[in-house]
Amino acid sequence: MNLDKLKESLESAEIVEELIALSQKVFGKSNNDVKKVIELFITKSYMMGKKNMVKTFDD
């Protein structure tokens, strides 16, 4: 796995769906449980960031 290329892809992603698609590509040969866990982490991170951003604007 080329980590530099992966890092560039992560940095160029603009929406959560792109991150999920990238994780499916990277972990494509893994079982469905691994893919679901990665998707949950990405989604949860997005929601946490969104929630934290709202708190910042409220303060």
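You'll find the structure just up there.
Residues take numbers from 1 onward in each chain, read along the sequence in its written order. It should be noted that, the model being predicted, local features are given only for residues of pLDDT at least 70 and side-chain atom pairs only at 80 or more, the latter also being counted only at that level, while totals for whole chains, interfaces and linings use all residues. Excluded from the side-chain calculations are hydrogens and water; all other atoms, namely the structure's heavy atoms, are used.

A.B. asks: Mind showing me how you'd approach the overall build of the chain here?
C.D. replies: Secondary structure assignment for the chain yields 3 helices and 0 strands. Each helix (α) and strand (β) of the chain, taken in turn from the N terminus, gives the series α-α-α. Accessible area of the chain: about 5300 Å², with a carbon and sulfur share of 57%. Strands are runs of DSSP state E lasting at least 2 residues, helices are runs of H or I lasting at least 4, and numbering of each runs from the N terminus. Reported accessibility uses the Shrake-Rupley method at a 1.4 Å probe radius. Residues are deemed covered only where the shown protein chains occlude them.

A.B. asks: What is the right way to read the side chain of S23 from this model?
C.D. replies: Among the secondary structure elements, S23 is positioned in helix α2 (residues 16–26). Three exposure classes are used, based on accessible area relative to the maximum for each residue type with a 1.4 Å probe and protein chains only: buried under 20%, partly exposed in between, and exposed over 50%. On the accessibility criterion, S23 (9% relative accessible area) is buried. Contact between two residues is taken to exist if any of their heavy atoms lie within 4.5 Å; hydrogens are not considered. When residues no more than four places from it in sequence are discounted, the contact partners of S23 are G28, I38 and I42.

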